[in-house]
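Structural description and commentary
Okay, here's what each chain looks like letter by letter:
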Amino acid sequence: MRSHHYPSDVTDAQWDLIEPHLPPEPGGGRPRETDMREVLDAILYLLRTGCPWEYLPGDLPPKSTVWRYFNQWRHDGTLDTIHDLLRRKLRTREKPYRPRTSASVDSQSIDTTSGGERRGRDNAKNVDGRKRHIVVDSMGLLLAVLVTAASVDDAAAAPGLFARLEGQPMGKVRRMYADSKYHNFTLYEWVDEHAKWDLEIIRRPEGKRGWVRLPIRWTVERTFAWLGRCRRLSKDREKSVLSSESFVKLAMIRLMLHRLEPSDRDAEFRYPRPVAA
């Protein structure tokens, strides 16, 4: 049992939401010696601080152990299962009996560290790296994520992203909101053939300059802001896009845990108010 705890650690109530959905230890062998809660704490420490795997604190499980379970969970669907269950719980609590009728899609170009697969340049954003494509519901909760090279056009990546909505709670969705980057006739044909919802382009008002708040579209922008609270996601630091997508899901898992079981352990830092002389 660790004597020191980090702000990113899960609380007892949060762990109770996660534990039942982790894979059981394999039968027929030695009893598992690794504490799964400490493995999860180590992964969340990486996510929150952005430190390299080699710099995990010594009182957390070793890098090789943490990586082994992270690799297992991203491949066997454990992260997807936990993410979707928490999303269902959160939506049921905050919007009971209100099915999703709309969703939003957008992308975010992000610099990468050196190396890794699928890297490119987004000249419009002056970014060398990758692009995160996400679909969110009206609460900003994640429905699908796809990571590509930053050079990939949004409309070209959209069919692959929308294909990942299969199995997601989209039965009542009638509109998918997008910005002008998704104005593409080939994409319209794909949506007409494969989707049960309409793609609606939200455009900037004519003649407006500078920043403009567009209706509906702010929900997906807010989700990108939520992701930015995790230092691991300030750049794309992963060698594979699978790891990139997995850390996006982990960031949303962390967010939903704090919404379902609030804790001040990982609260946003605020400078203390000056004391009057």
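Residues numbered from 1 in each chain as written. Predicted model: local features only at pLDDT ≥ 70, side-chain atom pairs only at ≥ 80, totals over all residues. Heavy atoms only, no water.

1. Quick notes on the overall build of the protein chain
Applied cut-off: Where helices and strands are cited, they refer to DSSP runs of H or I of at least four residues and of E of at least two residues respectively, numbered from the N terminus. Between the two quantities, the radius of gyration covers C-alpha atoms and the globule rule is 2.2 Å times the number of residues to the power 0.38. In this analysis, two residues are considered to be in contact whenever any of their non-hydrogen atoms come within 4.5 Å of each other. Accessible surface area values rest on a Shrake-Rupley calculation with a 1.4 Å probe, where residue burial reflects the displayed protein chains alone. The charge count includes Lys and Arg as positive and Asp and Glu as negative, but it does not include His or the ends of the chains. For this purpose, a charge sits on NZ of Lys, CZ of Arg, CG of Asp or CD of Glu.
When helices and strands are tallied, the protein chain shows eight helices and six strands. In sequence order, the protein chain lays out its α and β elements as α-α-α-α-β-β-β-β-α-β-α-β-α-α. The C-alpha atoms of the protein chain give a radius of gyration of 20 Å, which matches the 19 Å a tight globule of 277 residues would have. Dimensions along the principal axes, computed over C-alpha positions, put the protein chain at roughly 65 × 60 × 45 Å. For the protein chain, the share of sequence-separated contacts (at least 6 apart) that also reach a separation of at least 24 residues comes to 65%. Element-wise, carbon and sulfur atoms account for 49% of the exposed surface of the protein chain, whose accessible area totals about 15500 Å². A distance of 4 Å separates the average location of the 48 positive side-chain charges in the protein chain from that of its 39 negative side-chain charges.

2. With respect to the side chain of Arg232
Operational definition: The classification of residues rests on relative accessible area computed with a 1.4 Å probe and restricted to protein chains. Under 20% of the type maximum is buried, over 50% is exposed, and intermediate values are partly exposed. We define a polar contact as two N or O atoms separated by no more than 3.5 Å, with the added condition that, inside protein, one atom must be a possible hydrogen donor and the other a possible acceptor, whereas residues neighbouring each other in sequence contribute only through side-chain atom pairs.
When you line up the elements, Arg232 lands in the loop between helix H7 (218-227) and helix H8 (241-260). The buried category is assigned to Arg232, whose relative accessible area is 4%. One polar contact links the side chain of Arg232 to the main-chain carbonyl oxygen of Cys51, over a distance of 3.0 Å. There is a polar contact of 2.8 Å between the side chain of Arg232 and the side chain of Glu238. Ignoring anything within four residues of it in the chain, the contact list for Arg232 reads Leu46, Leu47, Gly50, Cys51, Pro52, Trp53, Arg237, Glu238 and Phe247.

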